[in-house]
Amino acid sequence: MNIEDISDIIYEKEENGICTATINAPERKNAMSLVTFLELETILEDMDADKNAHVLILTGSSGGNAFSSGGYFNLNLYPNLPPEILKELDLQDLALKSLCLKFWNFSKPVIAAINGLAVGAAASIAIIGADLVYMAEDAWFGFYFVKRSMMAEFGSHFMLPFRLGFQKAKDLLYFGKKITANEAEKLGFVNKVLSSDDLIPYSKEQALRLIPPKGPSVAIKLMKKTIHEYFKNILPQTLDLENESLRSLMKTSDFRASMKSLITKKPPIFKGR
Amino acid sequence: MKIEDFTDIIYEKEENGICTLTLNRPERKNSLSKITFLEIETALSDMEEDKNARVLIITGCKEAKAFSAGGYFGPFPHISQEVKKELDFSDITEKRLCMKLWDFSKPIIAAINGLAVGAGIAIPLTGADLIYLSEDAWLAFVFIKRAVLPEHALSFLLPFYIGFQKAKEFLYTGDRISAQEAERLGLVNKVLPSEELMPYTRAQALRLIPPNGPSLSIKLMKKTMHDYFRDIILRTSKLENEGDKSVMKTHDFRESTRSFIEKRDPKFKGK
């Protein structure tokens with residue numbers, strides 16, 4: 001995929017070194033398809049190759065009224081794609097291993113500016129992919145995987161207990177909890193909660209502190225590398241396990257029941273198989 | 001180095017088993033030189049060998065109005081050949097002291113009586129089992145202001161303590177953390193009025209020493225908790241040393257040193 005092919009995201013590069021990726025699929029509340037995930041990978045590659053690109057700010061379009069409502073799994077999308085892009089998609093990579101490792105190994109700081117709801121994969125990407133997370137006061141996280149009879153991805157099964165301890169992480173994942181911005185700040189995976197109007201200006205101001213002349217970017221790059229180093233072995237292992245489990249979960253009757261309930265809007269009745 | 005050679009710390013041993021190491025270079029706000037680090041190592045070795053020494057309290061002298069201002073990079077004092085042989089100048093991040101603290105078999109309590117920045121907070125966070133803070137004390141991970149990496153495996157331990165987002169916020173910005181915020185984050189055990197800091201610390205220390213505390217089970221608890229992390233801490237310290245060696249060659253490092261001396265904001269170039 002080339003930068004010109006990006007259509008679900010608005011990708012802007014400023015002279016001061018700030019790059020902004022705005023997820024922009026308002027008709028589906030910025031839900032992200034496999035194509036959107038590939039676009040994110042393409043943006044990370046572009047920034048890695050561009051020495052004037054210093055910090056990535058990841059946010060959602062105001063038209064979408066959300067940061068992102070998570071994964072978009074409409075299979076009708078794929079037959080219409082150009083074959084060279086279709087070739088780059090890995091339909092088996094449900095845990096988003098490729099994107100997760102790309103974020104983890106990305107050499108530059110990432111700031112997530114969460115302007116509205118962030119559900120499922122969107123929460124995982126912000127919490128695991130971003131170095132700093134700023135959040136609008138009316139935004140929230142939905143760890144809704146269990147509601148779809150699925151489980152989380154993006155290495156969450158290691159990263160959430162690492163951050164929150166086992167009990168709190170399991171509480172979020174087992175019960176598919178909704179977490180407000182203020183709760184997220186208290187739990188410690190959000191750096192600051194701001195009014196909606198202040199979110200982007202504050203994020204940009206912090207970004208500039210990481211870029212010369214204010215920030216020593218080489219030291220920050222090596223700090224990030226050193227902080228991430230130990231987890232480079234743990235993450236792929238967790239992601240492989242997540243992929244294995246997600247694939248088997250998709251074959252269950254409970255998964256089909258939860259999909260059906262989305263359409264019929266009735267609560268699903270699970271059978272445990 | 002021998003105990004009698006100490007110039008930067010006061011090392012006291014009481015009959016009840018409490019040992020106290022007081023950082024004592026008030027004229028430089030208890031900043032820590034290679035010599036100070038070696039003195040701390042020597043005190044640790046002395047305690048390991050002394051079965052009556054049970055708990056170590058680390059604090060800063062009153063006159064300094066600081067726990068410690070971090071690494072000292074002023075003029076080097078005259079030292080004897082024997083002491084010089086014990087110093088490893090390639091060990092920029094004090095990996096050797098870090099491992100000695102991690103492997104130390106007895107409990108350490110840090111009583112942080114004033115500002116604790118850079119190495120001054122890295123040592124308590126890696127080395128101390130319990131941290132008590134006076135209410136007017138504060139912390140800062142100022143490494144970024146000197147364009148260097150954190151040390152003492154903080155690159156691993158800080159995300160482990162407070163999560164990646166908060167850890168990166170403090171490491172990338174070097175912003176000041178108040179005593180109250182440090183307690184809220186879970187970085188320290190308790191914040192106290194300054195006059196209660198030492199009495200409370202000593203009372204807690206006595207709870208870890210017979211007849212109040214079963215020191216053998218505490219020793220084995222500590223050993224078991226630390227075991228899994230030993231390899232990670234060793235590896236992280238090594239990476240921090242390597243990282244520092246490469247950033248010290250950058251323009252930004254020289255600029256930060258110059259601006260520090262000239263007391264102005266640095267202008268970084270990213271190279």
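Every value quoted in this text rests on a predicted model; they were computed, and no experiment measured them. (Residues numbered from 1 in each chain as written. Chains lettered and ligands numbered in written order. Predicted model: local features only at pLDDT ≥ 70, side-chain atom pairs only at ≥ 80, totals over all residues.)

Visitor: Would you mind going over the overall build of chain A in detail, with residue names and values included?
Guide: What chain A contains, in helices and strands, is 11 helices and nine strands. By principal-axis analysis of the C-alpha atoms, chain A measures approximately 60 × 45 × 40 Å. The contacts in chain A between residues at least 6 apart in sequence include a share of 73% that link residues at least 24 apart. (Helix = DSSP H or I, 4+ residues; strand = E, 2+ residues; numbered from the N terminus. Contact = placed C-beta atoms within 7 Å.)

Visitor: A description of the overall build of chain B should follow, citing residues and the corresponding values.
Guide: When helices and strands are counted, chain B shows 11 helices and 10 strands. Over its C-alpha trace chain B gives a radius of gyration of 18 Å, about what one expects of a compact globule, namely 18 Å for 271 residues. The principal-axis extents of the C-alpha atoms in chain B amount to approximately 60 × 45 × 40 Å. Across chain B, the fraction of contacts at a sequence separation of at least 24, relative to all contacts at a separation of at least 6, is 75%. (Rg over C-alpha atoms; globule rule 2.2 N^0.38 Å.)

Visitor: Talk me through the interface of chain A and chain B; I want residue IDs and the actual numbers.
Guide: Taken residue by residue, the interface counts 26 residues in chain A and 33 residues in chain B. At the level of elements, strand E6 (132–136) and helix H9 (217–229) of chain A are the ones that each hand at least two residues to the side of chain A that touches chain B. Among the elements that line the side of chain A that touches chain B, the one with the most residues is H9 of chain A, at nine residues. Per-class residue counts for the side of chain A that touches chain B are 16 nonpolar, five polar and five charged. (Nonpolar A, V, L, I, M, F, W, Y, C, P; charged D, E, K, R; others polar.)

Visitor: Before we move on, could you go through the nonpolar core and cite the residues and values that matter?
Guide: Judged by nonpolar contacts, the single largest core of 156 residues is most densely connected at Ile111, Ile114, Ala118, Ala126, Val133, Met135 and Ala219 of chain A. Once residues lying within four places of it in the same chain are set aside, the contact partners of Ala126 of chain A are Ala112, Ile114, Ala118 and Val133 of chain A. (Core = buried A, V, L, I, M, F, W, Y, C linked by C-beta atoms within 7 Å. Buried ≥ 20, exposed ≤ 12 C-beta atoms within 10 Å, placed from the backbone.)

Visitor: Please set out the pairing of strand E3 (residues 55–60) of chain B residue by residue, giving values where relevant.
Guide: All names here are of chain B. Judged by how many residues are buried, E3 sits mostly within the fold: six of six residues are covered. Taking every second residue as pointing to the same face, both faces of E3 are buried, with Val55, Ile57 and Thr59 on one and Leu56, Ile58 and Gly60 on the other. In this sheet, E3 lies alongside strand E2 (residues 18–23) in parallel orientation, the contact comprising six bridges. Bridge pairing in E3 places Thr22 opposite Thr59. As a crossover connection, the stretch from E2 through helix H1 (residues 34–49) into E3 is right-handed. Bridge count for E3 against strand E5 (residues 108–112) is four bridges, and the pairing is parallel. The residue of E5 that forms the bridge with Ile58 is Ala110. (Pairing = 2+ DSSP bridges. Right-handed = clockwise from strand over helix to strand, strands pointing away.)

Visitor: So, the sheet that holds E6 of chain A: which residues are in play, and what are the values?
Guide: Residues and elements named next belong to chain A. Reading across from one edge, E1-E2-E3-E4-E6-E9 is the order of the six strands in this open sheet, with mixed pairing throughout. Of all the strands in the sheet, just strand E1 (9–13) and strand E9 (192–194) have a single pairing partner and so form its edges. Sheet twist, expressed as the average angle between the axes of neighbouring strands with direction ignored, equals 20°. Of the strand pairs in this sheet, E6 and E9 are connected by three bridges, and their pairing is parallel. In the strand pairing of E9, Tyr134 is matched with Lys192. (Axes fitted to C-alpha atoms, helices over the stretch in contact; angles between N-to-C directions.)

Visitor: Could you give an account of the confidence of the model for chain B, naming the residues involved and the relevant values?
Guide: Mean pLDDT over chain B works out to 95, with 100% of the residues at or above the 70 mark. Overall fold confidence (pTM) sits at 0.91, and the ipTM for the predicted complex is 0.86. (pLDDT = per-residue confidence, 0-100.)

Visitor: Break down the sheet that holds strand E10 (residues 190–192) of chain B for me, with residues and values.
Guide: The pairing of strands in a sheet happens through backbone hydrogen bonds and is either parallel or antiparallel. Residue and element names in this part refer to chain B. The strand order across the open sheet built from six strands is E1-E2-E3-E5-E7-E10, with neighbouring strands paired in mixed fashion. Across the chains shown, the open sheet's two edge strands, defined by having one partner strand only, are strand E1 (9–13) and E10. Averaged over all adjacent pairs, the angle separating strand axes in this sheet is 20°, with direction ignored.

Visitor: With reference to specific residues and values, describe helix H5 (residues 156–164) of chain A.
Guide: Residue and element names in this part refer to chain A. Inspection of H5 places Ser156, Met159, Leu160 and Arg163 among the buried residues, and these make up the whole buried set. For H5, the angular spread of the buried residues around the axis is 95°, confining them to a single face. Looking at the buried positions of H5, the neighbouring elements they touch are helix H4 (121–129) and helix H6 (166–175). Looking one or two residues beyond H5, the residue adopting positive phi is Gly165, at roughly 85°. (Arc of directions from axis to C-beta.)

Visitor: Talk me through the environment of Arg207 of chain B; I want residue IDs and the actual numbers.
Guide: Residue and element names in this part refer to chain B. Inspection of the secondary structure assignment puts Arg207 in helix H8 (residues 194–207). Taking the C-beta count within 10 Å as the criterion, Arg207 has 11 such neighbours and is therefore assigned exposed. Those residues in contact with Arg207, other than ones at most four positions away along the chain, are Asn212 and Gly213.

Visitor: Kindly report on the pairing of strand E4 (residues 110–114) of chain A, identifying the contributing residues and their values.
Guide: Residues and elements named next belong to chain A. Buried residues dominate E4, accounting for five of its five residues. In E4, alternate side chains face the same way, and those of Val110, Ala112 and Ile114 on one face and Ile111 and Ala113 on the other are all buried. As paired strands, strand E3 (residues 55–60) and E4 are joined by four bridges and run parallel to one another. Bridge assignment links Ile57 to a residue of E4, and that residue is Ile111. Across four bridges, E4 lies against E6 in parallel orientation. Looking across to E6, one finds that Ala112 is bridged to Val133.

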